[in-house]
Amino acid sequence: SQTIHQWPATLVQPVGSPLSLECTVEGTSNPNLYWYRQAAGRGLQLLFYSVGIGQISSEVPQNLSASRPQDRQFILSSKKLLLSDSGFYLCAWSARRAYYGYTFGSGTRLTVV
Amino acid sequence: DAKTTQPNSMESNEEEPVHLPCNHSTISGTDYIHWYRQLPSQGPEYVIHGLTSNVNNRMASLAIAEDRKSSTLILHRATLRDAAVYYCILRRYGGSQGNLIFGKGTKLSVKP
């Protein structure tokens, strides 16, 4: 069966520090991968998606970047965190076709102080 | 992107059926109707999806109008664990329009 792993679960980082969040998927190949963010009391915002190794599409301009160095690995990064980067970050994967659902990771709660 | 409209909140009593409505009047022929729910402090969880016909699974049923401009998620017997935000989302086949774009959803409260 397919599983998705996301870590760490919680993170407190100072303003201006770098960020690296990792997500890996097991039990499938060629997945679509996604990073979402949910600010406190807000909805889920799609940040990045990837349909293959090295292929990253950004949905919103921001202080973050994403990379996909391997088929089932998706990394969210920042060189210098801002207070506004605080939130709940979720990784998700789906099969390519629209009739498949998404599976989300357990999320990383990031607090920038 | 095709949009969906859901009530902001709904209340239900435990062990009673719940009907969560969703309007999607601009749906296109290649849009699948997906439902997810998000419990507090957790990632969204897939509930059900469909294209034209009604669908049933162990979690819920999805009733799709004949013109596909609306749908209803049915929880047959609400439990306290069903209290969550429920999202109705259209997912288009192919390309970036196949990405899930979440709206505000419906916050379901379940009373014991």
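Here, the structure is the one placed above.
Residues numbered from 1 in each chain as written. Chains lettered and ligands numbered in written order. Predicted model: local features only at pLDDT ≥ 70, side-chain atom pairs only at ≥ 80, totals over all residues. Heavy atoms only, no water.

Visitor: Describe the sheet that holds strand 8 (residues 73–78) of chain A, listing the residues and the values that go with them.
Guide: Two orientations exist for strands paired in a sheet by backbone hydrogen bonds: parallel and antiparallel. Residue and element names in this part refer to chain A. Strand order in the open sheet formed by four strands is 1-3-8-7, and the pairing between neighbours is antiparallel. Here the strands that pair on one side only, and so sit at the sheet edges, are strand 1 (3–7) and strand 7 (65–70). Within the sheet, the average angular offset between the axes of one strand and its neighbour, ignoring direction, is 20 degrees. Here five bridges tie strand 1 to strand 3 (residues 19–26), and the two strands are oriented antiparallel to one another. Its bridge partner being in strand 3, I4 is matched across the sheet by V25. (Pairing = 2+ DSSP bridges. Helix = DSSP H or I, 4+ residues; strand = E, 2+ residues; numbered from the N terminus. Axes fitted to C-alpha atoms, helices over the stretch in contact; angles between N-to-C directions.)

Visitor: Got a sec to walk through the pairing of strand 7 (residues 70–75) of chain B? Specific residues and values, please.
Guide: Residues and elements named next belong to chain B. By the bridge criterion, six bridges tie strand 2 (residues 18–23) to strand 7 in an arrangement that is antiparallel. From the neighbouring strand, L20 faces strand 7, where its bridge partner is L73. Pairing geometry for strand 6 (residues 61–64) and strand 7, over four bridges, is antiparallel. Looking at strand 7, one finds that A63 is bridged to T72. Here strand 6 folds back onto strand 7, and the loop between the two strands holds five residues, one of which, R68, carries a positive phi near 65 degrees.

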